[in-house]
Amino acid sequence: MQPGELPRTVLPEAARTAFVRMRGITKSFYGARANDGVDFTLQGGEIHALLGENGAGKSTLMNVLTGLYQPDSGEIAIEGHVRRIASPADAIEAGIGMVHQHFKLVPAFTVAENIHLGWNETPFRLDPASLAARTQALSDRFGLAVSPGARVADLSAGEQQRVEILRVLARGTRILVLDEPTAVLTPAEVRALFAALRAFRADGNAVILISHKLGEVLEIADALTVMRAGRSVATGSTAGASRSSLARLIIGDTAIPATVARNETDVPGAQAVPLALRGVSVRDHRGIALLDGVDLDVRAGEILGIAGVAGNGQRALSEVLTGCVRPDAGDVLLDGDASGPRGAREFADWGVGHIPEDRLRTALAADLPLGENAVLRDYRGDAAGSGPFLFPRRLARLARRIIDDAAVNLRDSRIPARNLSGGNQQRLVAERERRIASRVLVAAYPTRGLDVGAVAALHAGMQALRASGVGVVLISEEIEELLAQADRIAVLFAGRIAGILPVAQADAERLGLLMSGQVLPEPVS
Amino acid sequence: MSVVSGLLSNALVSGAVLALAGLGELLAERVGVLNLGVEGLMALGAMSAVAAVSGTHDPAVGVLAALATGAAAGSLFAFATVVARASQVLCGMALTMGGMGLAATLGRPFAGQPSAATFPVLPIPLLDRLPVLGDALFRQSLPVYVAFLILPLFLHWLLFRTRHGLALRAIGENPAACDAVGMKVLPLRFAYVVLGAAISAGAGAYLTLGFVPSWSDGVTAGRGWIAVALVIFAGYRPWRIVAGALLFGFVGALGYLAQARDWGIPSAFLGMLPYLVTLLFMMLPALTGRGRVAAPAALGVAYYRDQR
């Protein structure tokens, strides 16, 4: 034994009482080390934030802890006892439960069925009424409101998350792992989640929270560990930490990108309106209005922010603006003309880029290689081939350039896109769409799941587009982001534009009123 | 036996083959494995049943032989698709072609001869005296009762009324979710693919010990494929599979009747009827626009855990 190294069987006092102690965890994918000798310690009764850039190895580490991945080396001790966690079943037995970033629910099943799935306390004979009653009892006991008979496919992201958490807690979990739990939640849902987490902690349990939102981390976490490039680089208490000190730890010694401020100068030709909606309505297959008589101008050389609680028509709006969906009523005007391009491809050729909200399902072909995903917008052009033929080497060269510009951390363009971490998928899509957006870029929640550095890079990219005379539509739930980036902010509520404010007249309070469907006390121009 | 009674009885007998094969396929598809080898499994079961009864003269032994053969062939298929995660479509095709070829080769000594034993009729007391229906419904052999009553009743209860059934259905929908809550995805998939294959082979045993009853090359006549279609058409529900099987049996029986009575319809066309009806029924839900059949979401997709 080398000096300074701890003997394996006799752990020091602090480590023995630790809920979780991971030592030297290493895990590689395709030869790339996602975790490289990571140490991580979790005490009872604490909320421990796990921070790091996209691809720093946070999710991998937690998947090792919950038995989904087997580490190449390293050991895990739960309450002082070294254990091998060979499967999720072992993790559950050890009291560890995880709520994944992409929910692991069966969409076709009801809430009650999902809660009782694979649980040894589920009665052998299933009867919908008793399952519903048991689910209701659990819901009351843990203070998480769910409707037992509803189909999971019909629930909002926040409701689905409550189902996941309830399922995990019902199995007697003492260590709850949450992977970016607030990314898809509305502010009210975040408050409810945090209240539930505090109650959970008060019972002596522990929470591991993976998050990019440093404000939230400082608000709720007691301790934190920072990961960078597959290693844990700092660990300690959140007391005395600030957003900027955390950001520096996360990004490392490289220069911290300055927060990109709005460019106040006007862009020449800014009066032009490349894309406009006139009385646009969109209905879903049940005939329910998603957009209801929307008038909107996207001006050249401006960033138009779209505020609103998710689910108020944002998806339909972005699909109408990019030609994916044709309105049931009203007109989409391109340069003032309603008879121009039709359909997503013609819109794209005309110069409309689109960063959709669900990148894995609507922006990427997840099983195709990275390189082919990178050239999805260009494969028909001369840069990739000629006539009906594709030239693989030209294609590869083009893909290489896009991937490099996107600063994606996986360098091999032959790896399937689904193997990228969520943030890197987003970077790739953002870069691909930025390239074709010669007139308009429509970006739905483009910073969701991105780390601080990537957010700054993305904002800088949008400001550069604005400066070159492109109209940018930025759909976001984060008022701070909109106030910092946008020139005008339109608020969506129940499929209608509740109001449009120049940013000089907008503040969090006024936007909040509009977002909740109330009318502003004074008239707005 | 009146005409109606005969028609119904015939429909039950020929429908029982489809019902059994379809219920076996249902088990595999519900856990997310598309087994296109039903035709081959039926041929293997049909041949091994005939071979087993030729020595023993006991239909029960024939059924056991068919089940065992089906389970063995099913294990091979399950190993390839569930454990080694090879293409389910290709492995299914291979099972069909290999099974039919193997059955034809091994069954040559018995080809064309009547089976040495058949299933005895098992009348249900009292009910069999009912007018018209009594003869048709309650004077059948045991496999018919199993196919139309006992097995669908059991499978419906298992799938929709038990904890175990919830697990099975969930594995066909989202294996990653099942894994995350600690269920053993691959062992369960393996077990139900094997069980389903055994039942499908059992359908072959009823074909050659009850319905036809003799073995010849090609005796399965595409019934395995109809069973696969039936499962989809029935929306992956046991009772509807059985009802669909009865309908197909009825169409087939109608063909025989028309031939016997000489209705003047070409026999080639009558022979085509079941297959035409299959096509029609597969298109029907799509054409009417409603009842889009919800297949298990993970059907045909191999499951990998340790991969992002």
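Residues numbered from 1 in each chain as written. Chains lettered and ligands numbered in written order. Predicted model: local features only at pLDDT ≥ 70, side-chain atom pairs only at ≥ 80, totals over all residues. Heavy atoms only, no water.

### Some remarks on the overall build of chain A
Phase 1: Along its length, chain A carries 18 helices and 21 strands.
Phase 2: Against the globule reference of 24 Å for 525 residues, chain A gives a C-alpha radius of gyration of 25 Å, in line with a compact fold.
Phase 3: By principal-axis analysis of the C-alpha atoms, chain A measures approximately 75 × 55 × 50 Å.
Phase 4: Residues classed as buried in chain A amount to 52% of the 525 residues present.
Phase 5: Contacts spanning at least 24 positions in sequence make up 66% of the contacts within chain A whose residues lie at least 6 apart.
Phase 6: Taken as a whole, chain A presents about 22,600 Å² of accessible surface, with 52% of it coming from carbon and sulfur. (Helix = DSSP H or I, 4+ residues; strand = E, 2+ residues; numbered from the N terminus. Rg over C-alpha atoms; globule rule 2.2 N^0.38 Å. Buried < 20%, exposed > 50% of the residue type's maximum accessible area, 1.4 Å probe, protein only. Contact = heavy atoms within 4.5 Å. Areas by Shrake-Rupley, 256 points an atom, 1.4 Å probe, with all protein chains shown as cover.)

### A short note on the confidence of the model for chain A
Phase 1: Across chain A, pLDDT averages 85, with 92% of residues at or above 70.
Phase 2: Highest mean pLDDT in chain A belongs to strand β8 (residues 206-210) of chain A (95); lowest belongs to helix α1 (residues 13-17) of chain A (51). (pLDDT = per-residue confidence, 0-100.)

### Some details on a nonpolar patch on the surface
Residue and element names in this part refer to chain B.
Phase 1: A contiguous nonpolar patch, built from F250, L254, W263, I265, F269, M272, L276, L279, L280, M283, L284 and L287 and spanning about 1,100 Å² of accessible area, is present on the exposed surface.
Phase 2: Of all the elements in the fold, those that place two or more residues in the nonpolar patch are α11 (238-261) and α12 (267-288).
Phase 3: With eight residues, α12 is the single largest residue contributor to the nonpolar patch.
Phase 4: Using a relative accessible area of 37% as the deciding quantity, one classes L284 as partly exposed. (Patch = residues over 30% accessible without salt bridge, like charges linked within 9 Å, V, L, I, M, F, W, Y side chains within 5 Å. Salt bridge = Lys/Arg side-chain N within 4 Å of Asp/Glu carboxyl O.)

### Some words on the pairing of strand β21 (residues 496-502) of chain A
All names here are of chain A.
Phase 1: Relative to β21, strand β20 (residues 488-493) is paired through six bridges, and the arrangement is antiparallel. Counterpart to V491 in the pairing with β21 is G499.
Phase 2: Linking two consecutive strands that pair antiparallel, namely β20 and β21, is a turn of two residues; a positive phi of about 50 degrees is found at A494 within it. (Pairing = 2+ DSSP bridges.)

### A few points about the packing of aromatic side chains
Phase 1: Applying the stated criterion across every chain, the model contains four aromatic pairs over all chains.
Phase 2: Ring centres of A:F29 and A:Y69 lie 5.1 Å apart, and the angle between their planes is 70 degrees; on these two criteria the pair is classed as edge-to-face. Pair noted here: A:F29 is in strand β1 (residues 20-29) and A:Y69 is in the loop between α2 (58-65) and β4 (73-78), with a separation of 40 residues, a long-range link. Taken as a pair, A:F29 and A:Y69 share a single burial class, namely buried.
Phase 3: Plain terms: the ring middles of B:F154 and B:W157 are 6.1 Å apart, the flat faces sit at 40 degrees to each other, and that makes the pair tilted. With B:F154 and B:W157 both in helix α6 (residues 142-161) and three residues apart, this pair spans about one turn of that helix. (Phe/Tyr/Trp six-rings, centres within 6.5 Å; stacked < 30°, edge-to-face > 60°.)

### Considering the environment of A:L50
Residue and element names in this part refer to chain A.
Phase 1: By secondary structure assignment, the location of L50 is in strand β3 (residues 47-52).
Phase 2: Considering only alpha carbons, one finds L50 and S211, 161 residues apart in sequence, at a separation of 6.8 Å.
Phase 3: With residues near it in sequence (within four places) discarded, L50 still touches F40, K58, L61, M62, I208, L209, I210, S211, T225 and M227.

### Regarding the interface of chain B and chain A
Phase 1: Residue-level contacts link 24 residues of chain B with 34 residues of chain A.
Phase 2: B:R169 is the partner of A:E113 in a salt bridge, and the nearest nitrogen-oxygen pair spans 3.8 Å.
Phase 3: Between the two partners, chain B and chain A, sit five residue pairs in polar contact (both at pLDDT 80 or more).
Phase 4: Contributing elements (two or more residues each) for the side of chain B that touches chain A: α6, α7 (163-173) and α8 (175-180) of chain B.
Phase 5: Residue contributions to the side of chain B that touches chain A peak at seven residues, all from α7(B). (Polar contact = N/O pair within 3.5 Å; in protein donor to acceptor, adjacent residues only side chain to side chain.)

### As for the nonpolar core
Phase 1: Among the nonpolar cores identified, the biggest contains 93 residues, and A:L117, B:V193, B:Y206 and B:W215 are the most heavily contacted of them.
Phase 2: Here the element with the most residues in this core is helix α9 (residues 185-211) of chain B; it accounts for 13 residues.
Phase 3: Aside from chain neighbours lying at most four places away, what touches B:Y206 is B:V13, B:A16, B:V17, B:L20, B:F119, B:S141, B:P143, B:V144 and B:F211.
Phase 4: A:L395, A:V429, A:V503 and A:A506 belong to the second largest nonpolar core, which has 45 residues in total. (Core = buried A, V, L, I, M, F, W, Y, C linked by side-chain atoms within 4.5 Å.)

### Details of the domain arrangement of chain A
Residues and elements named next belong to chain A.
Phase 1: One can read the domain layout of chain A as domain 1 (17-95 + 175-181 + 205-251) and domain 2 (282-515).
Phase 2: On a C-alpha basis, the centroid separation for the pair domain 1 and domain 2 is 32 Å.
Phase 3: If you look at the interface, domain 1 gives eleven residues, while domain 2 gives 15 residues.
Phase 4: Across the interface of domain 1 and domain 2, roughly 910 Å² is buried in total on both sides, 54% from carbon and sulfur atoms.
Phase 5: Three residues, Y30, N54 and H212, lead the burial of domain 1 against domain 2; their summed loss comes to 51% of the area buried on that side. (Domains from an automatic or database assignment. Buried area = accessible area lost by both parts, 1.4 Å probe.)

### A few points about the side chain of B:S141
Phase 1: By the secondary structure assignment, B:S141 is in strand β2 (residues 139-141).
Phase 2: Residues within four places of B:S141 in sequence aside, it is in contact with B:F119, B:P120, B:V121, B:L122 and B:Y206.

### Considering helix α2 (residues 38-56) of chain B
Residue and element names in this part refer to chain B.
Phase 1: End to end, α2 covers 27 Å across 19 residues, agreeing with the expected 27 Å (1.5 Å per residue, within 8%).
Phase 2: Across the 19 residues of α2, 15 count as buried, placing the element largely inside the fold.
Phase 3: Once α2 finishes, H57 follows within two positions and takes phi at roughly 60 degrees, a positive value. (Expected span 1.5 Å × (residues − 1).)

### A few points about the environment of A:I250
All names here are of chain A.
Phase 1: Within the secondary structure, I250 is located in helix α9 (residues 243-251).
Phase 2: Accessibility expressed as a relative area gives 4% for I250, which makes it buried.
Phase 3: Those residues within four positions of I250 in sequence are excluded, and the remaining contacts are L51, G52, E53, L214, V226, R228 and V452.

### A look at the sheet that holds β8(A)
Residues and elements named next belong to chain A.
Phase 1: With mixed pairing, the six strands of this open sheet are ordered in space as β6-β7-β8-β3-β9-β10. Among the strands making up the open sheet, the edge pair consists of β6 (96-99) and β10 (231-237). Averaged over all pairs of adjacent strands, the angle between their axes in this sheet comes to 15 degrees, without regard to strand direction.
Phase 2: The sheet contact formed by β6 and strand β7 (residues 175-179) spans four bridges and is parallel. Looking at β7, one finds that G97 is bridged to L176.
Phase 3: Contacts between helix α6 (residues 157-170) and the sheet are confined to β6 and β7, with β6 contributing the most and set at about 175 degrees to the helix. (Axes fitted to C-alpha atoms, helices over the stretch in contact; angles between N-to-C directions.)

### Notes on a positive patch on the surface
Phase 1: Among the surface-exposed residues, A:R393, A:R394, A:R397 and A:R401 lie close enough to one another that they form a single positively charged patch.
Phase 2: Within the secondary structure, A:R394 sits in helix α14 (residues 392-406). (Lys, Arg positive; Asp, Glu negative; His and termini not counted. Charge placed at Lys NZ, Arg CZ, Asp CG, Glu CD.)

### Quick word on the sheet that holds β21(A)
Residues and elements named next belong to chain A.
Phase 1: Spatial strand order, β15-β18-β19-β13-β20-β21: six strands in an open sheet with mixed pairing. Whereas interior strands pair on both sides, the edge strands pair on one side only; in this sheet they are β15 (352-355) and β21. In this sheet, neighbouring strand axes are inclined to one another by 15 degrees on average, regardless of whether the strands run parallel or antiparallel.
Phase 2: Here strand β13 (residues 303-307) pairs with β20 via four bridges, running parallel. When the sheet's bridge partners are listed, G305 is paired in β20 with I489.
Phase 3: Across the sheet, helix α18 (residues 508-515) lies against β13, β20 and β21, angled at about 30 degrees from β20, the strand it touches most.

### What to know about the pairing of β1(A)
All names here are of chain A.
Phase 1: With eight of its ten residues buried, β1 lies for the most part within the structure.
Phase 2: Sheet analysis places β1 next to strand β2 (residues 32-42), joined by seven bridges and oriented antiparallel. Among the inter-strand pairings, M22 is bridged to a residue of β2, identified as F40.
Phase 3: Between the antiparallel neighbours β1 and β2 lie two residues, among them Y30 with a positive phi of about 50 degrees.
Phase 4: Where β1 and β4 come together, five bridges link them in antiparallel fashion. Directly across from V20, in β4, lies its bridge partner I78.

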